[in-house]
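Chain by chain, the residues:
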Amino acid sequence: MHFITALHWYEERVASTSTFGYFADHDDAHGAVARNSGDMHEMLYNYLVIEDIPEGIFPMPRSECWFEWDDDQALWQSCKAPEFSKNIINWSL
């Protein structure tokens, strides 16, 4: 499953997170991000991550895709994983 989680990076820490949902299909998850379905920005979150997490106990994500909010274009832009995210997995769980 492809879980979509938003993060608010503020003053050198993750101040809040919200998992908005999940999709079985990779393209459906990316489409939801591209459309900002349900306003995942919420005037608060500045990063999004899509994690492909299999079922199980303490599952390891198969992949993750990061996005950063672009205020000028009012959309999520693909980006590299931010430094603060290194060594952290399963944001949605």
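Coordinates for the structure precede this section.
Residues numbered from 1 in each chain as written. Predicted model: local features only at pLDDT ≥ 70, side-chain atom pairs only at ≥ 80, totals over all residues. Heavy atoms only, no water.

A. View of the sheet that holds strand S2 (residues 13–23). Across the sheet, 5 strands lie side by side as S2-S1-S3-S4-S5; this open sheet has antiparallel pairing. Here the strands that pair on one side only, and so sit at the sheet edges, are S2 and strand S5 (75–79). Adjacent strand axes in the sheet meet at a mean angle of 30 degrees, parallel and antiparallel pairs treated alike. Where strand S1 (residues 2–10) and S2 come together, 9 bridges link them in antiparallel fashion. By the bridge assignment, phenylalanine 3 is partnered in S2 with tyrosine 22. (Pairing = 2+ DSSP bridges. Helix = DSSP H or I, 4+ residues; strand = E, 2+ residues; numbered from the N terminus. Axes fitted to C-alpha atoms, helices over the stretch in contact; angles between N-to-C directions.)

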